[in-house]
2 protein chains.
Amino acid sequence: MPDEKKPAFAGNITADDVAAEAGVSRWTVNRAFRKDASISSKSLEKVRIAAERLGYVPDLRAASLASDRSNLVALLIDDFANPHKLVMMERLTRILRREGWDILLVNTLDRADAGHALLNASQRRVDAVILIGIQFDDEVLDTALHARRFRKLIIFARTSRNPNTISIAVDDVHAMKEIANYVHERGFRRPMFLAGPRTSSAHLLRKETFVDYWRQHFGSEPETVSVSAYDPTLAAGIVENALAGRNKATLPDILVCENDALAIGATDVIRHKLGLRIPQDIAITGFDDVPQAEGANYRLTTYRQPLTDMAEYLVKVLGSEEDRDFDRLFQGKLMIRDSA
Amino acid sequence: MPDEKKPAFAGNITADDVAAEAGVSRWTVNRAFRKDASISSKSLEKVRIAAERLGYVPDLRAASLASDRSNLVALLIDDFANPHKLVMMERLTRILRREGWDILLVNTLDRADAGHALLNASQRRVDAVILIGIQFDDEVLDTALHARRFRKLIIFARTSRNPNTISIAVDDVHAMKEIANYVHERGFRRPMFLAGPRTSSAHLLRKETFVDYWRQHFGSEPETVSVSAYDPTLAAGIVENALAGRNKATLPDILVCENDALAIGATDVIRHKLGLRIPQDIAITGFDDVPQAEGANYRLTTYRQPLTDMAEYLVKVLGSEEDRDFDRLFQGKLMIRDSA
DNA sequence: ATTAATTTTGCTCCCGCGAGCAAAATGTCC
DNA sequence: GGACATTTTGCTCGCGGGAGCAAAATTAAT
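Residues numbered from 1 in each chain as written. Chains lettered and ligands numbered in written order. Predicted model: local features only at pLDDT ≥ 70, side-chain atom pairs only at ≥ 80, totals over all residues. Heavy atoms only, no water.

Draft legend 1. Layout of the protein's contact with DNA strand C. Not every one of the 23 residues close to DNA strand C is listed here, only the nearest: Ser25(A), Thr28(A), Arg31(A), Ser43(A) and Tyr56(B). The share of sugar and phosphate among atoms of DNA strand C within 4 Å of the protein is 60%. In this structure, a phosphate oxygen belonging to DNA strand C sits 3.1 Å away from a side-chain N or O atom of Thr14(B). A distance of 2.6 Å separates a phosphate oxygen of DNA strand C from a polar side-chain atom of Tyr56(B). It is helix 4 (residues 60–67) of chain B that contributes the most residues to the surface near DNA strand C, 4 residues altogether. Tallied by class, residues from the surface near DNA strand C come to 11 nonpolar, 8 polar and 4 charged. (Near = heavy atom within 4 Å. Polar contact = N/O pair within 3.5 Å; in protein donor to acceptor, adjacent residues only side chain to side chain. Helix = DSSP H or I, 4+ residues; strand = E, 2+ residues; numbered from the N terminus. Nonpolar A, V, L, I, M, F, W, Y, C, P; charged D, E, K, R; others polar.)

Here it is as structure tokens:
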């Protein structure tokens, strides 16, 4: 009788086994699993059946080793407190997988760890590295680029001026000017800007744009406050400190936040700790348009990044063999809701 | 002369190059990068220096191919709408990386896609698969186990009765009884249970436990409502439908939610669409203790899963060569806040 | 049918490293 | 210094598949 014992580990079935079963050579078997295969439909069918019976799937490690293409990209992330990261990961993983790219997820603990994370990725011989964290400053990038172990280094959803990286991001300058204009149009006159960590010049782009634009066009100098991470909880603490004890006259009339993570933390504390109403006592704007921004609780006026388009462009870049300048800025959309 | 052109792609430096530079054999070079290495400190130093100069790092694909150990685990996720997933990912990736495991992140689009996702992982010859999604029902598991392409199949943060999987989860039965008792103690008498998708029997555990326990100990039969995904937005819609138009007498006095994702959606709609106060008009409990549950806005009474302990146990399981029953239930902790 | 053009198949030689063993080097003891 | 134990080093062979070419099979053209 056939032994019906518990299913054994079957990782050791190789193309040779399938070749024997199908009565063809090993190379024909391997060809059957490549899309560019030059193979007759007859032997393809034979191989399919034999592979099915034996439970064979090609070993991508070996394929990658022999072909020098891993079809693997590393995704380096650090700030898991930011809910927008979840959205970005979902979008990226979905679209990348659809195009045949696998993803190595690396949690970069802190700035000092960035180098190790990059090394980690390089040992798997990833074809590209995608950075969606915040702690990858110029120094880290330079180290990575110096080692030069990846074909492409992509900064996703953040502008980078480094000429050796590929930056796929929303046009922050345009976006912040649009926000500034909207804020002013709606009659707000004393904005406060809530900024994130200042780890590199690129992060200052939104803040600088807003502040400079406001000063130049509307005269006054906006207050600014900054938080050391894009974390709603931290933002709440900072905002509470910054606004506690103020009265109608000294309170900003709107809090312009660098992103939704900060705006959400700010909203919570303004309502529940400071007892103020949004937008009557103080309005709020965000950036990113995370899912909860649309929910009944926040109704946050924010700026939507065209993440899907950006991810689609990303896979196009990954697939390209050219060595040109792939940097690209996308235009987002101001989502007007109740918070401002 | 040595060509000093711009930093080239340096993925092609091999142990042989380092061996030549250091004046040792290739095997000594490789040994220098293994921790169990039997190597003299003198040649280790020589190799380190040479490797540093050439920018060499071992190729893990080749190592994995030769040793039949990839040190890679696949992480399969599907419900990215649930904020708790972000917490789980952070914890898992951090602890796994610390122990030398790399992570292949696979976004499982839907139930039909689960098989492909598993195949995907198997082609990279991962040492184990970790499931933290919801759509991996018994049928999917059986298919995966039948193919048997992984040494270990771990269901994380969800109980599974399948004897061939390893389930690392919180003790749902104990937890729900604790919640039921607490709810009753605090004087609530007409609970409604808000459940998630009913894709497999395992998902019903919390609901069934609560409902059965309540019926047996407190007489009445709780109402139940279910949402097709752990998504706050969906939960909001369902709850609005379920509660709209009710008055004091017909409204449940507490909404017991299967997890925080549902509780958050429910909270938003109860406050902002139905205009009710929490907990005065209706109380709420959750499960998971996501970061925002503690925030000023929700102050959600919920049940904390000991994620760190669970993740630590997971790496222990991964490292073990034994073939015994690794299933384990952890005890969590009821976090009492303002929502109930 | 014959020859040439084209597709399909099989083969050699790698890809970069590890297991396991034999040779060489080093250390130990009297 | 000699005999032996112990560490360190080098080597053969294989992990599973790809590039690229030559042989074989098929198709097209005359």
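Draft legend 2. The protein's contact with DNA strand D, seen in detail. The full set close to DNA strand D counts 24 residues, and Tyr56(A), Ser25(B), Thr28(B), Arg31(B) and Ser43(B) are the nearest of them. Backbone atoms, meaning sugar and phosphate, make up 57% of the atoms of DNA strand D lying within 4 Å of the protein. Here a phosphate oxygen of DNA strand D sits 2.9 Å away from a polar atom, N or O, in the main chain of Ala15(A). The side chain of Arg34(A) places a nitrogen or oxygen atom 3.4 Å from a phosphate oxygen of DNA strand D. Breaking the surface near DNA strand D down by element, the ones donating at least two residues are helix 2 (26–32) and helix 4 (60–67) of chain A together with helix 2 (26–32) and helix 4 of chain B. Ranked by residue count, the leading element in the surface near DNA strand D is helix 4 of chain A, at 5 residues. Looking at side-chain class alone, the surface near DNA strand D contains 12 nonpolar, 8 polar and 4 charged residues.

Draft legend 3. Representation of the relation of the copies chain A and chain B. Placing chain A over chain B gives an RMSD of 0.0 Å and needs a rotation angle of 180°, together with 0.0 Å of translation along the axis. What we have between these two chains is a two-fold relation. Residue Leu104(A) of chain A places its C-alpha closer to the rotation axis than any other residue of that unit, at 2.3 Å. Most of the interface of chain A is mirrored in chain B, where 100% of its interface residues are also at the interface. (Least-squares fit on C-alpha atoms with pLDDT ≥ 70 in both. Contact = heavy atoms within 4.5 Å.)

Draft legend 4. Up close: the confidence of the model for chain A. Summing up the model confidence of chain A, the mean pLDDT is 90 and the portion of residues at 70 or higher is 95%. Ignoring residues within four places in sequence, the model shows residues 1–6 of chain A, a span with pLDDT below 50, making 2 contacts including any to other chains. (pLDDT = per-residue confidence, 0-100.)

Draft legend 5. Spotlight on the domain arrangement of chain A. Once the domains are mapped, chain A shows domain 1 (15–58), domain 2 (70–170 + 307–330) and domain 3 (172–304). Placing a centre on the C-alpha atoms of domain 1 of chain A and another on those of domain 2 of chain A gives a separation of 35 Å. (Domains from an automatic or database assignment.)

Draft legend 6. Fine view of the packing of aromatic side chains. Within this structure, the stated rule accounts for 14 aromatic pairs over all chains. Ring plane angle 75° and centroid distance 6.2 Å describe the contact between Tyr213(A) and Phe218(A), whose orientation is recorded as edge-to-face. For Phe218(A), a relative accessible area of 22% translates into the label partly exposed. In this structure, Arg206(A) is placed above the aromatic ring of Phe287(A), and the distance from its NZ or CZ to the ring centre is 3.7 Å. Arg328(B) extends its terminal NZ or CZ atom over the ring of Tyr313(B), reaching a point 4.7 Å from the ring centre. (Phe/Tyr/Trp six-rings, centres within 6.5 Å; stacked < 30°, edge-to-face > 60°. Buried < 20%, exposed > 50% of the residue type's maximum accessible area, 1.4 Å probe, protein only. Lys NZ or Arg CZ within 6 Å of the ring centre and 35° of its normal.)

Draft legend 7. The arrangement of the sheet that holds strand 9 (residues 283–285) of chain A in detail. Residues and elements named next belong to chain A. Pairing within the open sheet is parallel, and its 4 strands lie in the order 7-6-8-9. The open sheet terminates on both sides in strands that have one partner only, identified here as strand 7 (223–226) and strand 9. Shown here is a sheet whose adjacent strand axes are inclined to one another by a mean of 20°, direction ignored. Sheet topology places strand 8 (residues 254–257) next to strand 9; 3 bridges connect them, and they run parallel. Paired with Leu-255 across the bridge in strand 9 is Ile-284. Here helix 8 (residues 172–185) sits on the sheet in contact with strand 6 (191–195), strand 8 and strand 9, set at roughly 170° to strand 8. (Pairing = 2+ DSSP bridges. Axes fitted to C-alpha atoms, helices over the stretch in contact; angles between N-to-C directions.)

Draft legend 8. Inspection of the packing of helix 4 of chain A against helix 4 of chain B at higher detail. Orientation of helix 4 of chain A relative to helix 4 of chain B, taken along the N-to-C sense of each, is 130°, at an axis distance of 9 Å. Our classification of the angle between helix 4 of chain A and helix 4 of chain B gives oblique. Relative to helix 4 of chain B, the crossing made by helix 4 of chain A is left-handed. Residue-level contacts link Arg61(A), Ala62(A), Ser64(A) and Leu65(A) of helix 4 of chain A to Arg61(B), Ala62(B), Ser64(B) and Leu65(B) of helix 4 of chain B. Split by residue class, the contact of helix 4 of chain A with helix 4 of chain B holds 4 nonpolar, 2 polar and 2 charged. (Parallel < 35°, antiparallel > 145°, perpendicular 65-115°, else oblique. Left-handed = near helix turned anticlockwise from the far one by under 90°.)

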